[in-house]
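Chain and residue survey
What follows is the residue order along each chain.
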Amino acid sequence: MADLTRYACQLQLSGFGKKAQEKLAKAKVLIVGMGGLGCPAGVYLTAAGIGTIGICDFDKVTLKNLHRQILYDEEDVGRIKVKVAEKKLRKQNPSVNIVCIAEKIISKNALKIINGYDIIVDCTDNFETRYLLNDASVILKKPLVYGAIFQFEGQVSVFNVKKKGKFSPNYRDIFPSTNDVAVPNCEDGGVLPTIAGVIGSIQASEVIKYITGVGELLISKLFIFDVKNLASTIITLPSVSISEIKRIVNDDIPLVTVSKLKKSITKKKFNLIDVRTPKEHKEFNIGGTNIPLHELNARFAELQLEKPLIFYCRSGVRSAQAVRQILNAYPKANIFSLDGGILAWQDKAIRA
């Protein structure tokens, strides 16, 4: 084991000590995604003395990355992220074994890549990889530390941890499909760089707690943090339903009910905006203009704010995000989200 002088401060912590440090030195942690979350997670896990850290990413550094991806600078633009990160993390703590994986996680390699690690850290920014990582972790019975950021907000949870013979909820238990979560990534919707540091650091903390057994993990819990007003919420899972999560997260969003919309839709005193994908809009819609959520900023001029706006989507999550996005820029805008979305509209039609 390496010289413990480097870890003197954490060794003094109550319940930590040399045994906990030895556990860290033997641990193997995989970070998937070396972007806004992966950079701070990687830095702090390396500093803490994790024995082996795998860093997996196929992307290159771009100038747009630099405001939140703290491991890189302008000289690194155009280089493979994990190659740059590997060099800098090894320099930070030479005793840590950094394994560089310059690959994209796909169905053919997911199981092979994550199989050799004790715990997986999801620092990705797209839902295809997120669901793939989750499912591979479930198959291999690996715990997964989830993190996500958007604009001023972030979320963290620890999924798929075995306790008393049972596994805790995984990502798909909470969000069964991409239709239940907001779609845009940081480049589409924007993000404050510091929220990446906050959430990535919390992910690293959860990894350290899991390995050492020190502290209480975010198992069956979803931590939500808003850096703009420093408000935080911890939602207990899975006793809370998807609809309850939506209500807690969107409790400050102006809503319009399906009943109220149906009564006034023929009067045309408002504009309807469908923030789902063009494919979803084509399959079924209740009218209005189709502006996918990730295109909202670029197509802002089409919103016609002289009339009240009602945004809708499948379940009310993406439309609520659209409303919040507009209200952040125009607090006095007269806009609403359709409560329950298309699902509520169709349910009302069936019951009528």
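This text follows the structure it describes.
Under the definition given, this model contains 13 salt bridges. With its nearest N and O atoms 2.8 Å apart, the salt bridge here joins Asp76 to Lys88. You can see Asp76 sitting in the loop between β2 (52–56) and α4 (81–92) and its partner Lys88 sitting in helix α4, a full twelve residues away along the chain. Residue class for Asp76 comes out buried when judged on its relative accessible area of 4%. Among the ionic pairs, Glu280 bridges to Arg318, the shortest N-O distance being 2.9 Å. Taken together, the positions of Glu280 in helix α12 (residues 278–283) and Arg318 in helix α13 (residues 317–329) put the pair 38 residues apart, joining distant regions of the chain. Exposure class is identical for Glu280 and Arg318. Each is buried. Salt bridges sharing partners connect three or more residues here, namely Asp73, Asp76, Arg79 and Lys88.

Moving on, we get to the sheet that holds β2. Strands sit in the order β3-β2-β1-β4-β5-β6-β9-β10 across an open sheet of eight strands; the sheet is mixed. Strands with a single pairing partner mark the edges of an open sheet, and in this sheet they are β3 (97–101) and β10 (231–236). Shown here is a sheet whose adjacent strand axes are inclined to one another by a mean of 15°, direction ignored. Pairing analysis gives seven bridges linking strand β5 (residues 144–150) to strand β6 (residues 153–159), with the strands arranged antiparallel. Residue pairing for β6: Gly147 is matched across the bridge by Val156. On the sheet, helix α6 (residues 127–140) packs against β1 (28–32), β4 (119–122) and β5 and is oriented at approximately 165° with respect to β5.

Moving on to the side chain of Asp226. Here Asp226 shows up in strand β9 (residues 221–226). In this structure Asp226 is buried but unpaired, with Arg324 as the nearest side chain of opposite charge at 5.6 Å. In this structure the side chain of Asp226 is engaged in a polar contact, spanning 2.9 Å, whose partner is the backbone nitrogen of Lys228. Ignoring any residue separated from it by four or fewer positions in sequence, one finds Asp226 in contact with Phe152, Glu153 and Ala231.

Bridge analysis of strand β11 (residues 255–256) against strand β15 (residues 335–338) gives two bridges, and the strand direction is parallel. Residue Leu255 lies in a different strand from β15, and its bridge partner there is Ser337. Where strand β14 (residues 309–312) meets β15, three bridges bridge the pair, whose relative direction is parallel. Bridge pairing in β15 links Ile310 to Phe336.

Conventions used here
- Residues numbered from 1 in each chain as written.
- Predicted model: local features only at pLDDT ≥ 70, side-chain atom pairs only at ≥ 80, totals over all residues.
- Heavy atoms only, no water.
- Salt bridge = Lys/Arg side-chain N within 4 Å of Asp/Glu carboxyl O.
- Helix = DSSP H or I, 4+ residues; strand = E, 2+ residues; numbered from the N terminus.
- Buried < 20%, exposed > 50% of the residue type's maximum accessible area, 1.4 Å probe, protein only.
- Pairing = 2+ DSSP bridges.
- Axes fitted to C-alpha atoms, helices over the stretch in contact; angles between N-to-C directions.
- Contact = heavy atoms within 4.5 Å.
- Lys, Arg positive; Asp, Glu negative; His and termini not counted.
- Polar contact = N/O pair within 3.5 Å; in protein donor to acceptor, adjacent residues only side chain to side chain.

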